[in-house]
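# Structural description and commentary
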Amino acid sequence: MGNERKVLTRPALLLALLGLVLVGAGFGLWHQHQHDQAQTAAADQARRLANSLAGELGQRVSRHRAQLEQLAGRPDSPVPAADQPLMPTPWRDDTRLLRVPDGHPGEERLSFTLRELLHNLRERGEVVVSSTGGEQPALLMARTTPGGAVILEHDLKPWLDSLDQRLPQGSALTLSQGDLTLIRRGQTGSASATATASARGGPFNLTLAVPPTPPSWQSLLLPAGVSAVLVLLAIYAVFAGLARRRPAPAPVAGRRADSAPARPAAPAAASLPPAPEPEPEPETPSEPEPGPAPPQALFGPDGIRAAGDTPLDGTALEQLGRAIGSEAGAAGQHTLFVVCAGEADAKEALIDGLMASGRQVVDLGEAPPAVLHYATEVLESQSGVCLTGDGDQRALDIVINGEQLHGDRLLTLRDRLLARNLDEGSGEREQRDINDRYLAAVADDIILARPMSVAVQGAGATAGLAPRLFGELGCKVVTVEGTDVDALARTVGEQNLHLGLAFDADGGLSLVASDGRLIAADRLLMLLAQDLLERNPGADVLFNMTDNRALAGLIRKQGGRPVMDDGGPARLRARMKELAVPLAGEANGHIFFADRWYGFSDALYAAARLLEVLSLQAGNSAEAFALYTDTY
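Here we summarise the structure given alongside this text. Since we're looking at a predicted model, the values are computed, not measured. (Residues numbered from 1 in each chain as written. Predicted model: local features only at pLDDT ≥ 70, side-chain atom pairs only at ≥ 80, totals over all residues. Heavy atoms only, no water.)

### Observations concerning the overall build of the protein chain
- Within the protein chain, the regular secondary structure consists of 16 helices and 24 strands.
- By residue count, 46% of the 632 residues in the protein chain fall in the buried class.
- Taking as baseline every contact in the protein chain between residues at least 6 positions apart, the subset at least 24 positions apart corresponds to 65%. (Helix = DSSP H or I, 4+ residues; strand = E, 2+ residues; numbered from the N terminus. Buried < 20%, exposed > 50% of the residue type's maximum accessible area, 1.4 Å probe, protein only. Contact = heavy atoms within 4.5 Å.)

Written out as structure tokens, the structure is:
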């Protein structure tokens, strides 16, 4: 009889299970439909808004082009004389003008952007359009006039500030001109979860990323209600089937139908419900044990470095990868760039840790540290990690949301590991090479007045890219093997070269002048500072070379302000941003340019700027550096 009951109830159970499966499938299809609709709506919104904003930008370009044509035809302000400085008119309706007579000596003191604009104007002979980004984004236009040129500068910041109220929450806007990213506003989450649209406005390309709007809770009522009703019906069908198929109790043999009902037997002792057991007292929750973390000795003031008997091995790199990925996720950064100039096994351990935190990894391959910083300035993410060195020379530099971690910010990574405050996930990995783009960006910014000749030495990715860069600039390049600076000096002297350049693995630059003498970092900074201050009078220069008083004296004599700090490269970069300093130098040869560049330590760009300065001088590099001593 028991078997008969099981057979009778099996169809009802199968029917209930089938109903639940169908309900789940239907709910999944509905959810996918809602997701697709949200993505489509976000894409339409991004496209409409991008076209609208690009149209506004294009109208501004057209309006100011017409204004420039009118002003060039009938000047309304006197042309500055040769002994007067070139000064723009006061701002009016977010626009100002600058008149530049041909051959005016003050033209050399204009910014590099304005000088390049005038150069392009004289080559093309028509209205040229350019722009500036950063903290003061502006639209630039230039047109020739009889005896000179007029430049119109339109401040874009008020227009961009007005967009904060018009952009959907969580969206991001990027404004670029060619390969140069001028402005980046907002921050989205995962790139795969956003709808992106691009449009052109004049010479600019505007890209807008809009996240889809999640379905409101009201839209869940209908499918949730239907699902609940179906589940209740299925349960009701099961119990109803059981009730209909339950057999009647059989009569007791030997009992007469008219006899009195038998007295029920007393329940057996075994059938009595057991006495309730006393509930155990709740245990006091104990503090979680600290998780594994690399030794604190690895955490230096400027980065994570192998120290003495404390190696930065694969285990430590995997742990740090988890912590870095979690820290980036907390900052809203879901993609990280990885640059490696060390052993492949070490890089794999680091990337495994990053992906285990759920982050997407873009592997930029073997590249200099500067390429990581360049990527965080011009590409889709502002976070990444650079691994350099092998064995006991390994080092890790970390950038999260545009900030290079140093000091206590580095120790937060170890705190995350100890507290087990780590994200869990399964990220993906993408391979990308941007070395060519980086080299092209440097070469496009540098103009040599005459051909130069250099010797290049060093081990690492920076030295590997140096011959390509200087060859692109039209230099004669001689490669010197090894790291012996005496061999570099001999090569410079024997082949009568202008300069010897030595690049170390962590981005430092060392120099040998044409006479074979080693040039200290403070003398290099003195030459670069004088050139910068001639074009940017009153600018600050930041450095940590406190022993050379002549450096501060030269900066003051040129009208600048010396700013001293005892920090390393990462701290100097943070101070540069804080104080808006255009040039900084560090005792180990790290040079930072925020003038025409992005403000991070970049040995290749610093060497190219040095060649640009030396190419404007008639003498050799030994004569140029002879002016700068510690007794200036």
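### Observations regarding the environment of Gln495
- The residue Gln495 is located in the loop between helix H11 (485–494) and strand E18 (499–503) in this model.
- For Gln495 and Val454, which are 41 residues apart along the polypeptide, the C-alpha to C-alpha distance reads 9.7 Å.
- Residues in contact with Gln495, not counting those within four places in the same chain, are Lys476 and Val478.

### A short note on H11
- Where H11 is concerned, the buried positions are Ala487, Leu488, Ala489, Thr491 and Val492.
- Check the buried side of H11 and you find it contacts strand E16 (453–458), strand E17 (476–480), E18 and strand E19 (509–512).
- By the N-cap criterion, in which a side-chain oxygen at the helix start approaches the backbone nitrogen of a residue two or three places on, H11 is capped by Asp484, the distance to Asp486 being 3.1 Å.
- Just downstream of H11 lies Asn496, where phi reads positive at about 55 degrees. (Polar contact = N/O pair within 3.5 Å; in protein donor to acceptor, adjacent residues only side chain to side chain.)

### Notes on the pairing of E16
- In terms of burial, E16 is a largely internal element, five of the six residues being buried.
- As judged from the five bridges shared by E16 and E17, these two strands associate in the parallel manner. Within E17, the residue paired with Val456 across the bridge is Thr479.
- With helix H10 (residues 461–472) bridging E16 and the parallel E17, this β-α-β connection has right-handed handedness. (Pairing = 2+ DSSP bridges. Right-handed = clockwise from strand over helix to strand, strands pointing away.)

### Thoughts on the packing of aromatic side chains
- Considering all chains together, one arrives at eight aromatic pairs under this definition.
- With centroids separated by 6.1 Å and ring planes inclined at 10 degrees, the aromatic side chains of Tyr374 and Trp597 adopt a geometry described as stacked. In this pair, Tyr374 sits in helix H7 (residues 369–378) while Trp597 sits in the loop between strand E24 (591–593) and helix H15 (603–615), placing the two residues 223 residues apart along the sequence.
- Tyr374 gets classed as buried once you look at its relative accessible area, which sits at 2%. (Phe/Tyr/Trp six-rings, centres within 6.5 Å; stacked < 30°, edge-to-face > 60°.)

### Considerations on the sheet that holds strand E3 (residues 138–145)
- If you walk across this open sheet you meet the four strands as E1-E4-E3-E2, and the pairing is antiparallel. Sheet topology places strand E1 (95–101) and strand E2 (128–132) at the edges, where each strand pairs with a single neighbour. For this sheet, the mean angle separating the axes of adjacent strands, direction not counted, is 25 degrees.
- In the sheet, E1 pairs with strand E4 (residues 148–155) via seven bridges, with the strands oriented antiparallel. Note on E4: the bridge partner recorded for Arg99 is Val150.
- Where helix H2 (residues 112–124) meets the sheet, it contacts E1, E2, E3 and E4, and its direction lies at approximately 165 degrees from that of E2. (Axes fitted to C-alpha atoms, helices over the stretch in contact; angles between N-to-C directions.)

### Examining the environment of Leu532
- Mapped onto the elements, Leu532 comes out in helix H12 (residues 521–535).
- Judged by its relative accessible area of 0%, Leu532 is buried.
- Spatially, the C-alpha atoms of Leu532 and Asp595 are 8.3 Å apart, while their sequence positions differ by 63 residues.
- The residues touching Leu532, leaving out its near neighbours within four places in the chain, are Ala539, Pro582, Leu583 and Asp595.

### Some words on the packing of H12 against helix H13 (residues 549–557)
- Packing of H12 against H13 leaves a shortest axis separation of 10 Å and a crossing angle of 5 degrees. Taken together, the axis directions place H12 and H13 in an arrangement best described as roughly parallel. Where H12 abuts H13, its residues Asp522, Leu525, Met526, Ala529, Gln530 and Leu533 lie against Ala550, Leu551, Leu554 and Ile555.
- Tallied by class, residues from the contact of H12 with H13 come to eight nonpolar, one polar and one charged. (Parallel < 35°, antiparallel > 145°, perpendicular 65-115°, else oblique. Nonpolar A, V, L, I, M, F, W, Y, C, P; charged D, E, K, R; others polar.)

### Considerations on the nonpolar core
- If you look at the biggest cluster of nonpolar residues, it comprises 75 residues, and the most contacted ones within it are Phe470 and Phe503.
- For this core, the leading source of residues is H15, giving ten residues.
- Core analysis: the next-biggest nonpolar cluster, separate from the first, contains 32 residues, Leu57, Leu175, Ala199 and Leu206 among them. (Core = buried A, V, L, I, M, F, W, Y, C linked by side-chain atoms within 4.5 Å.)

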